[in-house]
Amino acid sequence: MSRLSLFNSPLLLGFDQFERTLDRVAKAGAEGYPPYNIEQVSDNRLRITLAVAGFSLDDLDIQLEDNQLTVRGRQKDDPARVYLYRGIAARQFQRSFVLAEGIEVAGAALDNGLLSIDLDRPKVETQVRTVPIRKAGGAGHEGRVAIDGNDAALKE
């Protein structure tokens, strides 16, 4: 059974990477631990805060690969401790966030069981560019044009 693509319109060119990103987000959306907040700190800064009570700096790892921010936590059991009741979760976790193109990780801090990751979002400036069109020379190419002087596509 094939699935229906969200981006199957011929007017949406080059969005295949975006569709793969949406698939990754859908798969990661079922995760529930650890809880987290995402807040806008300023016009160009976001902060992700994860509740990681009981985790130390050595137990946490943050990686950024292909616009995917992944936070992993793994606590090591202390054999010297004997728990009569253990209500604080000590399980390992992996939480992923897909970042938009251009977002930079500014830093991370662990304070009172909260892991905060600051993200800088660059200011987006609209760019308008005029693309020159010239008539391609040569026989048999009367109706074809070259864009930006790149006429390699016209040579056959």
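Owing to the predicted nature of the structure, the values given are computational and were not obtained by experimental measurement. (Residues numbered from 1 in each chain as written. Predicted model: local features only at pLDDT ≥ 70, side-chain atom pairs only at ≥ 80, totals over all residues. Heavy atoms only, no water.)

Draft legend 1. Highlighting the packing of aromatic side chains. Tallying each qualifying case throughout the model produces three aromatic pairs. Here Y33 and F93 contribute two aromatic rings whose centre-to-centre distance is 5.9 Å and whose plane-to-plane angle is 85 degrees, an arrangement assigned as edge-to-face. Of this pair, Y33 sits in the loop between α1 (16-28) and β1 (36-42) while F93 sits in strand β5 (residues 93-98), placing them 60 residues apart in sequence. An identical accessibility class is assigned to Y33 and F93; each is buried. Ring centres 5.2 Å apart and planes at 80 degrees place the aromatic pair F55 and F93 in the edge-to-face group. Here F55 is found in the loop between β2 (45-51) and β3 (60-65), whereas its partner F93 is found in strand β5, with 38 residues between them in sequence. (Phe/Tyr/Trp six-rings, centres within 6.5 Å; stacked < 30°, edge-to-face > 60°. Helix = DSSP H or I, 4+ residues; strand = E, 2+ residues; numbered from the N terminus. Buried < 20%, exposed > 50% of the residue type's maximum accessible area, 1.4 Å probe, protein only.)

Draft legend 2. Focus on the environment of V105. Mapping V105 onto the fold places it in strand β6 (residues 104-111). In sequence terms V105 and D118 are 13 residues apart; their C-alpha atoms lie 6.1 Å from each other. Apart from residues no more than four positions distant in its own chain, V105 is found in contact with L64, L69, L99, I117, D118 and L119. (Contact = heavy atoms within 4.5 Å.)

Draft legend 3. Local environment of the pattern of salt bridges. Taken as a whole and judged by the stated rule, the model has four salt bridges. D118 serves as the salt-bridge partner of R45, at 3.8 Å between the closest nitrogen and oxygen. Of the two residues, R45 sits in strand β2 while D118 sits in strand β7 (residues 114-120), which places them 73 residues apart along the sequence. The salt bridge involving D59 is made with K76; its shortest N-O contact spans 3.6 Å. Note that D59 is positioned in the loop between β2 and β3 and K76 in the loop between β4 (68-73) and β5, a separation of 17 residues in sequence. Residue D59 is classed as buried on the basis of its relative accessible area, which comes to 12%. Because the salt bridges share partners, they merge into one network encompassing R45, R47, D118 and D120. (Salt bridge = Lys/Arg side-chain N within 4 Å of Asp/Glu carboxyl O.)

Draft legend 4. Region of the structure containing the environment of D61. When you line up the elements, D61 lands in strand β3. A relative accessible area of 33% means that D61 is categorised as partly exposed. Ignoring sequence-local partners within four residues, the contact set of D61 consists of T70, V71 and R72.

Draft legend 5. The side chain of T49, seen in detail. Relative to the assigned elements, T49 resides in strand β2. Classification of T49 as buried rests on a relative accessible area of 11%.

Draft legend 6. How the structure looks around the nonpolar core. Residues I117 and L119 are the most contacted members of the largest nonpolar core, which totals 16 residues. Residue assignment for this core shows that the elements contributing at least two residues are β2, β4, β5 and β7. (Core = buried A, V, L, I, M, F, W, Y, C linked by side-chain atoms within 4.5 Å.)

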